[in-house]
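Fold and contact review
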Amino acid sequence: MNPQLFFAFIGVAVALACTPGVDWAYSIAAGLRERSFVPAVAGLCGGYVVHTALLTAGLAAVITGMPGLLGWLTVAGAAYLLWLGAGTVRSWRGASFGAPSPAGSTAPAPAPANQFRIFLEGMGTSGINPKGLLFFLALVPQFVSTDAALPVPLQSGLLGLTFVLLVAVIYSCVALLARKLLHSRPGAAKRVTLASGVIMVTLGLVLLAEQLVPVLAGIAWQ
(Lines give C-alpha, C1' and ligand atoms only; values in the text may rest on other atoms or scores of the structure.)
Protein backbone atom coordinates (compact mmCIF):
# COMPACT_ATOMS: atom_id res chain seq x y z
CA MET A 1 0.00 0.00 0.00
CA ASN A 2 1.25 3.48 -0.88
CA PRO A 3 2.30 5.16 2.43
CA GLN A 4 1.44 8.64 1.13
CA LEU A 5 -2.06 7.57 0.15
CA PHE A 6 -2.50 5.80 3.49
CA PHE A 7 -1.56 8.84 5.58
CA ALA A 8 -3.67 11.07 3.36
CA PHE A 9 -6.61 8.74 4.00
CA ILE A 10 -6.01 8.97 7.76
CA GLY A 11 -6.13 12.76 7.56
CA VAL A 12 -9.41 12.76 5.63
CA ALA A 13 -10.93 10.05 7.83
CA VAL A 14 -10.07 11.92 11.04
CA ALA A 15 -11.59 15.12 9.66
CA LEU A 16 -14.80 13.31 8.73
CA ALA A 17 -15.02 11.40 12.02
CA CYS A 18 -14.57 14.69 13.90
CA THR A 19 -17.51 16.26 12.05
CA PRO A 20 -20.62 16.24 14.30
CA GLY A 21 -23.50 14.18 12.99
CA VAL A 22 -25.86 11.40 13.94
CA ASP A 23 -22.99 9.22 15.20
CA TRP A 24 -21.88 11.98 17.54
CA ALA A 25 -25.46 12.46 18.69
CA TYR A 26 -25.80 8.77 19.52
CA SER A 27 -22.37 8.63 21.23
CA ILE A 28 -23.18 11.65 23.39
CA ALA A 29 -26.65 10.37 24.29
CA ALA A 30 -25.18 7.01 25.27
CA GLY A 31 -22.47 8.71 27.31
CA LEU A 32 -25.08 10.63 29.26
CA ARG A 33 -27.75 7.96 29.69
CA GLU A 34 -25.82 4.72 30.18
CA ARG A 35 -23.33 3.45 32.76
CA SER A 36 -20.96 2.63 29.90
CA PHE A 37 -20.75 4.10 26.41
CA VAL A 38 -18.60 1.20 25.18
CA PRO A 39 -21.51 -0.89 23.78
CA ALA A 40 -22.80 2.14 21.86
CA VAL A 41 -19.42 2.98 20.33
CA ALA A 42 -18.78 -0.71 19.60
CA GLY A 43 -22.11 -0.85 17.79
CA LEU A 44 -21.29 2.20 15.68
CA CYS A 45 -17.97 0.60 14.76
CA GLY A 46 -19.77 -2.65 13.96
CA GLY A 47 -21.89 -0.84 11.39
CA TYR A 48 -18.78 0.45 9.66
CA VAL A 49 -17.28 -3.04 9.73
CA VAL A 50 -20.37 -4.15 7.77
CA HIS A 51 -19.76 -1.36 5.23
CA THR A 52 -16.11 -2.42 4.98
CA ALA A 53 -17.11 -6.03 4.33
CA LEU A 54 -19.60 -4.96 1.64
CA LEU A 55 -16.98 -2.77 -0.03
CA THR A 56 -14.34 -5.50 0.05
CA ALA A 57 -16.75 -8.05 -1.40
CA GLY A 58 -17.79 -5.65 -4.14
CA LEU A 59 -21.40 -5.62 -2.98
CA ALA A 60 -21.40 -1.90 -2.24
CA ALA A 61 -21.09 -1.06 -5.93
CA VAL A 62 -23.89 -3.50 -6.75
CA ILE A 63 -26.22 -1.95 -4.18
CA THR A 64 -25.51 1.64 -5.24
CA GLY A 65 -26.07 0.58 -8.86
CA MET A 66 -29.64 -0.39 -7.98
CA PRO A 67 -31.48 2.90 -7.32
CA GLY A 68 -34.65 1.14 -6.20
CA LEU A 69 -32.87 -0.94 -3.57
CA LEU A 70 -30.83 2.03 -2.38
CA GLY A 71 -34.01 4.06 -2.09
CA TRP A 72 -35.66 1.44 0.11
CA LEU A 73 -32.51 1.22 2.24
CA THR A 74 -32.62 4.99 2.65
CA VAL A 75 -36.26 4.85 3.75
CA ALA A 76 -35.43 2.09 6.24
CA GLY A 77 -32.51 4.10 7.58
CA ALA A 78 -34.69 7.19 7.89
CA ALA A 79 -37.40 5.27 9.75
CA TYR A 80 -34.80 3.81 12.11
CA LEU A 81 -33.33 7.23 12.89
CA LEU A 82 -36.80 8.62 13.52
CA TRP A 83 -37.57 5.77 15.92
CA LEU A 84 -34.23 6.07 17.72
CA GLY A 85 -34.41 9.87 17.89
CA ALA A 86 -37.99 9.81 19.18
CA GLY A 87 -36.94 7.42 21.95
CA THR A 88 -34.06 9.71 22.90
CA VAL A 89 -36.33 12.75 22.96
CA ARG A 90 -38.84 10.94 25.20
CA SER A 91 -36.09 10.04 27.68
CA TRP A 92 -34.44 13.46 27.96
CA ARG A 93 -36.11 14.40 31.25
CA GLY A 94 -34.65 11.35 32.92
CA ALA A 95 -31.16 11.78 31.49
CA SER A 96 -28.54 10.96 34.10
CA PHE A 97 -25.00 9.76 34.24
CA GLY A 98 -23.92 6.18 34.40
CA ALA A 99 -20.60 7.00 35.95
CA PRO A 100 -18.97 4.25 38.01
CA SER A 101 -20.26 4.06 41.55
CA PRO A 102 -18.05 5.13 44.46
CA ALA A 103 -15.87 2.52 46.09
CA GLY A 104 -17.86 0.22 48.34
CA SER A 105 -21.20 0.85 46.66
CA THR A 106 -23.35 -2.01 45.51
CA ALA A 107 -24.90 -0.46 42.41
CA PRO A 108 -25.87 -3.22 40.00
CA ALA A 109 -23.92 -3.68 36.81
CA PRO A 110 -25.73 -3.11 33.52
CA ALA A 111 -27.58 -6.18 32.30
CA PRO A 112 -25.93 -7.97 29.36
CA ALA A 113 -29.23 -7.87 27.46
CA ASN A 114 -29.36 -4.08 27.80
CA GLN A 115 -25.75 -3.76 26.64
CA PHE A 116 -26.51 -5.93 23.62
CA ARG A 117 -29.55 -3.78 22.80
CA ILE A 118 -27.41 -0.65 22.93
CA PHE A 119 -24.82 -2.34 20.71
CA LEU A 120 -27.48 -3.24 18.13
CA GLU A 121 -28.88 0.30 18.19
CA GLY A 122 -25.42 1.71 17.52
CA MET A 123 -24.81 -0.82 14.76
CA GLY A 124 -28.10 0.12 13.16
CA THR A 125 -27.29 3.84 13.41
CA SER A 126 -24.16 3.53 11.27
CA GLY A 127 -24.93 0.31 9.40
CA ILE A 128 -28.41 1.02 8.03
CA ASN A 129 -27.60 4.57 7.00
CA PRO A 130 -26.96 4.43 3.21
CA LYS A 131 -24.93 7.63 3.51
CA GLY A 132 -22.26 5.55 5.24
CA LEU A 133 -22.26 3.03 2.40
CA LEU A 134 -21.97 5.79 -0.20
CA PHE A 135 -19.19 7.39 1.84
CA PHE A 136 -17.17 4.20 1.77
CA LEU A 137 -17.79 3.69 -1.93
CA ALA A 138 -16.82 7.28 -2.81
CA LEU A 139 -13.87 7.78 -0.46
CA VAL A 140 -11.95 4.54 -0.02
CA PRO A 141 -11.26 3.79 -3.72
CA GLN A 142 -9.53 7.15 -4.08
CA PHE A 143 -6.79 5.94 -1.73
CA VAL A 144 -6.29 2.51 -3.25
CA SER A 145 -3.24 2.00 -5.46
CA THR A 146 -3.49 -0.47 -8.33
CA ASP A 147 0.33 -0.63 -8.45
CA ALA A 148 0.67 -1.79 -4.84
CA ALA A 149 1.72 -5.32 -3.91
CA LEU A 150 -1.50 -5.90 -1.98
CA PRO A 151 -4.67 -6.74 -3.94
CA VAL A 152 -7.23 -3.95 -4.25
CA PRO A 153 -9.87 -5.71 -2.08
CA LEU A 154 -7.32 -6.19 0.70
CA GLN A 155 -6.27 -2.54 0.51
CA SER A 156 -9.93 -1.52 0.68
CA GLY A 157 -10.45 -3.72 3.73
CA LEU A 158 -7.40 -2.31 5.51
CA LEU A 159 -8.50 1.27 4.83
CA GLY A 160 -12.02 0.49 6.04
CA LEU A 161 -10.75 -1.10 9.25
CA THR A 162 -8.42 1.87 9.77
CA PHE A 163 -11.47 4.13 9.62
CA VAL A 164 -13.24 1.87 12.13
CA LEU A 165 -10.28 2.18 14.53
CA LEU A 166 -10.21 5.96 14.20
CA VAL A 167 -13.96 6.15 14.74
CA ALA A 168 -13.67 4.00 17.88
CA VAL A 169 -11.11 6.38 19.39
CA ILE A 170 -12.85 9.60 18.38
CA TYR A 171 -16.38 8.56 19.36
CA SER A 172 -15.11 7.22 22.70
CA CYS A 173 -13.50 10.60 23.36
CA VAL A 174 -16.73 12.37 22.38
CA ALA A 175 -18.82 10.25 24.76
CA LEU A 176 -16.26 10.52 27.57
CA LEU A 177 -15.88 14.29 27.24
CA ALA A 178 -19.66 14.73 27.20
CA ARG A 179 -19.87 12.82 30.45
CA LYS A 180 -16.95 14.63 32.11
CA LEU A 181 -17.97 18.13 31.05
CA LEU A 182 -21.66 17.75 31.92
CA HIS A 183 -21.42 15.49 34.96
CA SER A 184 -21.92 18.37 37.40
CA ARG A 185 -24.60 20.01 35.24
CA PRO A 186 -27.65 17.72 35.10
CA GLY A 187 -29.76 20.44 33.50
CA ALA A 188 -27.27 20.78 30.65
CA ALA A 189 -27.09 17.00 30.32
CA LYS A 190 -30.84 16.84 29.78
CA ARG A 191 -30.69 19.58 27.15
CA VAL A 192 -27.84 17.85 25.32
CA THR A 193 -29.75 14.57 25.37
CA LEU A 194 -32.80 16.35 23.95
CA ALA A 195 -30.64 17.98 21.27
CA SER A 196 -29.15 14.60 20.35
CA GLY A 197 -32.62 13.16 19.85
CA VAL A 198 -33.68 16.16 17.77
CA ILE A 199 -30.60 15.74 15.56
CA MET A 200 -31.48 12.10 14.92
CA VAL A 201 -35.10 12.96 14.10
CA THR A 202 -34.03 15.82 11.83
CA LEU A 203 -31.57 13.68 9.87
CA GLY A 204 -34.20 10.97 9.58
CA LEU A 205 -36.66 13.48 8.14
CA VAL A 206 -34.02 14.75 5.71
CA LEU A 207 -33.31 11.23 4.46
CA LEU A 208 -37.02 10.55 4.12
CA ALA A 209 -37.60 13.82 2.27
CA GLU A 210 -34.83 12.97 -0.20
CA GLN A 211 -36.85 9.94 -1.24
CA LEU A 212 -40.38 11.35 -1.03
CA VAL A 213 -39.92 14.76 -2.67
CA PRO A 214 -39.01 13.38 -6.14
CA VAL A 215 -41.94 10.93 -5.95
CA LEU A 216 -44.41 13.65 -4.94
CA ALA A 217 -43.04 15.99 -7.59
CA GLY A 218 -43.55 13.31 -10.24
CA ILE A 219 -47.13 12.78 -9.10
CA ALA A 220 -47.80 16.51 -9.20
CA TRP A 221 -46.58 16.75 -12.80
CA GLN A 222 -48.82 13.92 -13.96
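Here, the structure is the one placed above.
Residues numbered from 1 in each chain as written. Predicted model: local features only at pLDDT ≥ 70, side-chain atom pairs only at ≥ 80, totals over all residues. Heavy atoms only, no water.

**Points about the overall build of the protein**
Helix and strand content of the protein: 9 helices and 0 strands. In the protein, the order of α-helices and β-strands from amino to carboxyl end is α-α-α-α-α-α-α-α-α. In the protein, buried positions account for 38% of the 222 residues. Look at the contacts in the protein between residues 6 or more apart in sequence, and 88% of them connect residues 24 or more apart. Put simply, the protein shows about 11,400 Å² of open surface, and 74% of that area lies on carbon and sulfur atoms. (Helix = DSSP H or I, 4+ residues; strand = E, 2+ residues; numbered from the N terminus. Buried < 20%, exposed > 50% of the residue type's maximum accessible area, 1.4 Å probe, protein only. Contact = heavy atoms within 4.5 Å. Areas by Shrake-Rupley, 256 points an atom, 1.4 Å probe, with all protein chains shown as cover.)

**Notes on the packing of aromatic side chains**
This model, assessed by the stated rule, comprises 4 aromatic pairs. Measuring from centroid to centroid gives 5.3 Å for Tyr48 and Phe163, while their planes differ by 85°, and the two rings are edge-to-face. Taken together, the positions of Tyr48 in helix α3 (residues 38-57) and Phe163 in helix α8 (residues 152-182) put the pair 115 residues apart, joining distant regions of the chain. The pair formed by Tyr48 and Phe163 is uniform in burial state, with each residue classed as buried. Judged by centre distance (6.4 Å) and plane angle (15°), the ring pair of Phe116 and Phe119 falls under stacked. (Phe/Tyr/Trp six-rings, centres within 6.5 Å; stacked < 30°, edge-to-face > 60°.)

**What to know about the side chain of His51**
Note that His51 resides in helix α3. Excluding its chain neighbours within four sequence positions, the residues that come into contact with His51 are Ser126, Gly127, Asn129, Gly132, Leu133 and Phe136.

**Some details on the pattern of salt bridges**
In the structure shown here, the tally under the stated rule is 1 salt bridge. With a closest N to O distance of 2.9 Å, Glu121 and Arg117 form a salt bridge. A residue pair is termed a helical-turn pair when its members lie 3 or 4 positions apart in one helix, as Glu121 and Arg117 do in helix α6 (residues 112-127) at 4 residues. (Salt bridge = Lys/Arg side-chain N within 4 Å of Asp/Glu carboxyl O.)

**Points about the packing of α3 against α6**
Where α3 meets α6, the closest approach of the two axes is 6 Å, and the angle between their N-to-C directions is 40°. Accordingly, the angle class assigned to the pair α3 and α6 is oblique. Judged by the twist between their axes, the crossing of α3 over α6 is right-handed. Mapping the contact onto sequence places Pro39, Ala40, Ala42, Gly43, Leu44, Gly46, Gly47, Tyr48, Val50 and His51 in α3 and Gln115, Ile118, Phe119, Gly122, Met123, Thr125, Ser126 and Gly127 in α6. (Axes fitted to C-alpha atoms, helices over the stretch in contact; angles between N-to-C directions. Parallel < 35°, antiparallel > 145°, perpendicular 65-115°, else oblique. Left-handed = near helix turned anticlockwise from the far one by under 90°.)

**What about helix α1 (residues 3-17)?**
In a regular helix each residue adds 1.5 Å, so 15 residues correspond to 21 Å; α1 covers 21 Å between its end C-alpha atoms and thus fits that length. For α1, the set of buried residues is Phe9, Ala13 and Ala17. Viewed end-on, α1 has its buried residues packed into an arc of 60°, placing them on one side of the element. Among the exposed residues of α1, those oriented more than 90 degrees off its buried face are Gln4 and Phe7. (Expected span 1.5 Å × (residues − 1). Arc of directions from axis to C-beta.)

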